[in-house]
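Coordinates in review
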There are 2 protein chains.
Amino acid sequence: MIFSGQYGAVLTIDLHAIASNFRFLKSMSSSAECAAVVKCNAYGLGIKQVGQTLLREGCRAFFVASSSEALSLKRALLEIHKDFEIYILNGFERDFPEIYDTSIAPVLNSLEDIRRWVELSKSKRELLSAIANFDTGMNRLGLDKSETAEILGSSLSPDHSKISILMSHLACSEDPEHRLNHEQFRAFSSIVAKSKNRFRYSLANSGGVFLGKKYHFDLVRPGAALFGIGNFANRYTNLRQVVTLKAKILQTRSIDAGVTVGYGATQAVNRKSRLATVALGYGDGIFRGLTNAGFGYLSGYPAQIIGRVSMDLVTLDVTDIPQSLSQPGYWVEFIGEHQTPDSLAQRAGTIGYEVLTALGSRYERIYLGR
Amino acid sequence: MIFSGQYGAVLTIDLHAIASNFRFLKSMSSSAECAAVVKCNAYGLGIKQVGQTLLREGCRAFFVASSSEALSLKRALLEIHKDFEIYILNGFERDFPEIYDTSIAPVLNSLEDIRRWVELSKSKRELLSAIANFDTGMNRLGLDKSETAEILGSSLSPDHSKISILMSHLACSEDPEHRLNHEQFRAFSSIVAKSKNRFRYSLANSGGVFLGKKYHFDLVRPGAALFGIGNFANRYTNLRQVVTLKAKILQTRSIDAGVTVGYGATQAVNRKSRLATVALGYGDGIFRGLTNAGFGYLSGYPAQIIGRVSMDLVTLDVTDIPQSLSQPGYWVEFIGEHQTPDSLAQRAGTIGYEVLTALGSRYERIYLGR
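The rules behind the values
Residues numbered from 1 in each chain as written. Chains lettered and ligands numbered in written order. Predicted model: local features only at pLDDT ≥ 70, side-chain atom pairs only at ≥ 80, totals over all residues. Heavy atoms only, no water. Buried < 20%, exposed > 50% of the residue type's maximum accessible area, 1.4 Å probe, protein only. Helix = DSSP H or I, 4+ residues; strand = E, 2+ residues; numbered from the N terminus. Pairing = 2+ DSSP bridges. Least-squares fit on C-alpha atoms with pLDDT ≥ 70 in both. Contact = heavy atoms within 4.5 Å. Salt bridge = Lys/Arg side-chain N within 4 Å of Asp/Glu carboxyl O. Nonpolar A, V, L, I, M, F, W, Y, C, P; charged D, E, K, R; others polar. Phe/Tyr/Trp six-rings, centres within 6.5 Å; stacked < 30°, edge-to-face > 60°. Lys NZ or Arg CZ within 6 Å of the ring centre and 35° of its normal. Axes fitted to C-alpha atoms, helices over the stretch in contact; angles between N-to-C directions. Parallel < 35°, antiparallel > 145°, perpendicular 65-115°, else oblique. Left-handed = near helix turned anticlockwise from the far one by under 90°.

Residues and elements named next belong to chain A. Extensive coverage of strand β6 (residues 104-108) is indicated by the burial of 5 of its 5 residues. Bridge analysis of strand β5 (residues 85-88) against β6 gives 3 bridges, and the strand direction is parallel. Residue I88 lies in a different strand from β6, and its bridge partner there is P106. The pairing of β6 with strand β7 (residues 130-133) spans 2 bridges and is classified as parallel. From the neighbouring strand, V107 faces β7, where its bridge partner is I131.

We now examine the relation of the copies chain A and chain B. You can overlay chain A on chain B at an RMSD of 0.0 Å; the transform is a turn of 180 degrees with a shift of 0.0 Å along its axis. Both copies of the chain, as the preceding transformation shows, are related through a two-fold rotation axis. If distances are taken from each C-alpha of chain A to the rotation axis, the shortest is found for A358(A), at 3.4 Å. A shared binding surface is used by both copies, with 100% of the interface residues of chain A retained as interface residues in chain B.

Glancing now at the interface of chain A and chain B. Facing 71 residues of chain A, the contacting portion of chain B comprises 71 residues. Linking chain A with chain B are 10 salt bridges, by the criterion used here. Elements that contribute at least two residues to the side of chain A that touches chain B include exactly α2 (39-43), α4 (67-78), β11 (243-255), β12 (273-278) and α11 (352-357) of chain A. The element that contributes the greatest number of residues to the side of chain A that touches chain B is β11(A), accounting for 5 residues. Partitioning the side of chain A that touches chain B into residue classes produces 30 nonpolar, 26 polar and 15 charged.

To continue, consider unusual backbone geometry. Not every positive phi belongs to a glycine, and A42(A) is a case in point at roughly 55 degrees. Turning to its location among the elements, A42(A) is positioned in helix α2. Under the relative-accessibility criterion, A42(A) is labelled buried at 0%. At Y43(B), a position not held by glycine, the phi torsion is positive, near 50 degrees. Considering the arrangement of structural elements, one finds Y43(B) in helix α2 (residues 39-43). Residue classification places Y43(B) among the buried residues on the basis of a relative accessible area of 5%.

The geometry of an aromatic ring pair is captured by two quantities: the separation of the ring centres and the angle between the planes. Enumeration according to the criterion identifies 28 aromatic pairs over all chains in this entry. Of the aromatic side chains, those joined through ring pairs into one cluster are F185(A), F188(A), Y201(A), Y215(A) and F217(A). Over the ring of F185(B) we find K214(B), and its NZ or CZ is 4.3 Å from the ring centre.

Let us look at the environment of L325(A). Residues and elements named next belong to chain A. Take L325: it is sitting in the loop between β15 (314-317) and β16 (331-335). Counting along the chain gives 24 residues from L325 to Y301, while the straight-line C-alpha distance between them is 9.2 Å. Setting aside residues up to four positions removed in sequence, L325 forms contacts with L298, S299, Y301 and Y330.

Another point: the packing of helix α1 (residues 15-27) of chain A against helix α3 (residues 47-56) of chain A. Residue and element names in this part refer to chain A. As a packed pair, α1 and α3 sit with axes 10 Å apart at the nearest point and diverge in direction by 45 degrees. With respect to α3, the axis of α1 lies oblique. Every pair of crossing elements has a handedness; the one defined by α1 and α3 is right-handed. Counting all contacts with α1, which are made through L15, I18, A19 and F22, the residues of α3 involved are Q49, V50, T53 and L54. The residue makeup of the contact of α1 with α3, split by class, is 6 nonpolar, 2 polar and no charged.

Our next topic: the pattern of salt bridges. Tallied over the full model, the rule gives 38 salt bridges over all chains. Between R240(A) and D14(A) there is a salt bridge, with the nearest N and O atoms lying 3.5 Å from each other. Remark: D14(A) occurs in strand β1 (residues 9-14) and R240(A) occurs in the loop between α9 (232-235) and β11; sequence separation between them is 226 residues. With a relative accessible area of 14%, D14(A) lands in the buried category. Ionic pairing is found between K48(B) and E79(B), a salt bridge with its closest N-O pair at 3.6 Å. Taken as a pair, K48(B) in helix α3 (residues 47-56) and E79(B) in the loop between α4 (67-78) and β5 (85-88) lie far apart in primary sequence, 31 residues in all. By relative accessible area, K48(B) is classed as partly exposed at 36%. Taking relative accessible area as the criterion, E79(B) reaches 52% and is therefore assigned exposed.

Residue and element names in this part refer to chain A. Position of V107 relative to the elements: it lies in strand β6. Since its relative accessible area comes to 1%, V107 is described here as buried. With 203 residues separating them in the primary sequence, V107 and S310 have C-alpha atoms 40 Å apart. Among all residues touching V107, those that are not within four sequence positions of it are F63, Y87, I88, L89, G91, F92, D113, I131, N133 and M167.

In short, geometric facts, not functional conclusions.
And the structure:
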């Protein structure tokens, strides 16, 4: 299979698979609404294409990290229709409150955030209601225990009419057995009770969806599972893989036993070897940590990375692969049928999430199902 | 120092420093011409801004990895003037030979590449001369020993009038003591002798520049050193740092001893602690490998990353930092005066090169000296 064009590597993103994963997550979410977390350029896969796909699939609520991401997403979604809500996870943006309107609202992470939001909502009538985020064990963002006690004890009152959802975030939901899941569930349930059921409630990220009905409340917020990554991808075969990454062989060569390959001359081969140098490197998210450890696949045959991964190139040991399958111009799979983002990640000591967000911008990007 | 705007983090790129590094490298290059390697979007720092800066500084020869990079660079350089040469390192582009013209030529890595180039140059008169690349120990790209013997033994002849430079690439030049430097020098010198001095010659990358005059030949090709990274940056204080990366504190909180932080609840604090959550994460190139290991700096005070780096956020232990210096809205330095790309990299088990190319696109980018 030979592609043409000016790129040495091709990233294929299957929007059908993302839509299918959204439908599956929805089917697993009891009666809760299913939102989508599309921060970090939709986990590196393209905020515009992914956002539009999910909106067409019936998703209405979207979560992003920052104001700039919210603006990109809004622009993309408006091309389809205007019935959507975007929530910015990083808190009230004090330097740029102009961003809030009928489609963009903050996730409020502190009493100070809430105070500023209440103030803004007095001066600006046309606003999407915000979300208040309570920390129940992640210790990252959200109202802490004393802030939670203060606001629930006093006045989630008419003043707070522009807050419609209370949420929290699970720290360990990828591990269904982790004690923290239940502790966070209990802490959040107490918030629900004390707020007298006057709001909608949201606790579950991707992992939370698979923890079962009691974790679902009114709104679930999967991210990773939409993109076929995370350990739930192994547990639920209905979750489809989304990404294929292939790169071209630029050159092959034979070297004698004892010869070293690449920068730093880190590893000498112990036999006469055939090598294939491929057009992608750590500048494309093939982590330098995959040096002498990662694999590419040629027609299903695994070929180990040999020598240091460099910025634009990796070299594979193709000694055991038929020469007819490993010629210049042929394509090597780094993510796809034989290697998921999670399994590539494991060899680099990280997780599939970081593989996706590190993919970089030098690929030809092909979207299936647009 | 409070910045405004829609971004949680600000990346400052000092074009003056890049220009200064170019001048320094030129001064260290004997009588050789000093080219610039600006592949991978100029090591992540912006091909347009960096390319234009170097062209204004008198650089004429540029090296990129791929055809798409060559086209971006050409577009940027033409805004200044048209006296430049761009060489594509990844070899003859058989799928897109239309790219070659009076300003873009390939680095030819095999006899097959050379054959195709000779063929093309017969049918197309207006072409920049190409470079032939000989492998002398890197074993990645370039003519291998037998190809080298074949072409030098026969006919670097009128047929090859559209090849003007012979090059090779050093694998271990960052280590001035490495035996391979001298072996590669000897192999390349033999190529020079056998080609009867009818070409221009190029061997040195950044490290090669600092190996001394005999490594310089006619053209040197620094990349990393232009951007203030690589171990030469420690050895030559004239090389200036180029990048500053700061991110905003979104929220601070106090937690009790024994409480865990972040995904997976990986680490419990052993004392009552103050935490600051900051608006950047592995989605921005702050590698997940910095979990419980990396540092940010507040007014010069080091603050360790605590818990897992997440996609959009890191949490720092600011217990020992004056509260007046660690409030929401304040900025934390991740790269700058207190931490170079190389020292950040070291804590993540990689090199400054990968730090730069992983920086991502969610920053507000400020260019100094444009």
